[in-house]
Amino acid sequence: MTDLPFSFTLPMPQVIPSRVDNHIERRLSEMRGQFFDLEIYDKMLATEDQLIYEVYEIKRPEVEGELLMGVSVVHPGQVGKEFFMTKGHFHSVLATSEIYYCLRGEGYMMMETPEGITSIEPLSPGKVLYVPPRWAHRSVCTSRLEDLVTFFAYPANAGHDYGTIEQTGFRKLIFDGVNGPEIVDNPRCH
Ligand code: S6P
Ligand code: ZN
């Protein structure tokens, strides 16, 4: 063995809040139709129902004036060339916003309005991201080894509209390209 300098990556442990009222686990089987390559999705699912992301929620009454908060953890991985991501949603009360603070990992927040304006913001530790009212949002983990960990807070009466994104998809997709993450138009988006 040649005695040369070397380096390696030691992934940091997860950031889990010390208080958790609800722990959500989203597996591959719950993401049907959300990843672009349906064939690879089915093949992966036949092998293992992988854990894609988790949410640690701190509960408050879901009424105007309160805030809901917690930590979202998107695990590294891909369905074909498409990075693991959250389902993504509009808030049911469309005119509500959200704050994300990135604690760990690398990725993007994919956002779009009902009118079709798109914004994709990179996330890295220390980044604070404001999702204004009316913007759908989805977190995408582009790290190969590390989780994408974000703290979030939003009005407790916001609610979630998952149906719109399930039916239409986001206008953009994020793939693992030759020179890093590539943002492309979603040919299926309607
Ligand atoms: C809720 C907030 C987050 C997400 C979480 C998982 O408004 O945006 O807590 O729920 O990142 O994403 P999703 O799209 O499955 O709810
Ligand atoms: Zn939200």
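Residues numbered from 1 in each chain as written. Chains lettered and ligands numbered in written order. Predicted model: local features only at pLDDT ≥ 70, side-chain atom pairs only at ≥ 80, totals over all residues. Heavy atoms only, no water.

Draft legend 1. Examining the overall build of the chain more closely. Within the chain one finds 2 helices and 13 strands. Its C-alpha atoms give the chain a radius of gyration of 17 Å, near enough to 16 Å, the size a compact globule of 190 residues would have. When each of the 190 residues of the chain is scored for burial, the buried share is 41%. For the chain, restricting intrachain contacts to residue pairs at least 6 apart in sequence, the fraction spanning at least 24 positions comes to 69%. Here the chain displays about 10,200 Å² of accessible surface, and carbon together with sulfur accounts for 54% of that area. Taken together, the 17 basic and 27 acidic charged side chains of the chain have centroids lying 2 Å from each other. (Helix = DSSP H or I, 4+ residues; strand = E, 2+ residues; numbered from the N terminus. Rg over C-alpha atoms; globule rule 2.2 N^0.38 Å. Buried < 20%, exposed > 50% of the residue type's maximum accessible area, 1.4 Å probe, protein only. Contact = heavy atoms within 4.5 Å. Areas by Shrake-Rupley, 256 points an atom, 1.4 Å probe, with all protein chains shown as cover. Lys, Arg positive; Asp, Glu negative; His and termini not counted. Charge placed at Lys NZ, Arg CZ, Asp CG, Glu CD.)

Draft legend 2. Molecular detail of the site of ligand 1. Close to ligand 1 lie 15 residues; Tyr-53, Gly-88, Glu-98, Tyr-100 and Tyr-162 are nearest. Note that an oxygen atom of ligand 1 is positioned 3.2 Å from one of the side-chain N or O atoms of His-91. For ligand 1, an oxygen atom lies 2.7 Å from a polar atom in the side chain of Glu-98. For ligand 1, the accessible surface in isolation is 390 Å², of which the surrounding protein chains cover 97%. Among the cavities detected, the one that contains ligand 1 is the largest pocket. Breaking the shell around ligand 1 down by element, the ones donating at least two residues are strand E2 (51–58), strand E6 (98–104) and strand E11 (148–155). In the shell around ligand 1, the residues fall into 6 nonpolar, 7 polar and 2 charged. (Near = heavy atom within 4 Å. Polar contact = N/O pair within 3.5 Å; in protein donor to acceptor, adjacent residues only side chain to side chain. 1 Å grid on protein atoms, 1.4 Å probe; cavity = no way out; pocket = protein on both sides within 12 Å on 5 of 7 lines; lining within 4 Å. Sits in = over half its atoms within 2 Å of the grid points. Nonpolar A, V, L, I, M, F, W, Y, C, P; charged D, E, K, R; others polar.)

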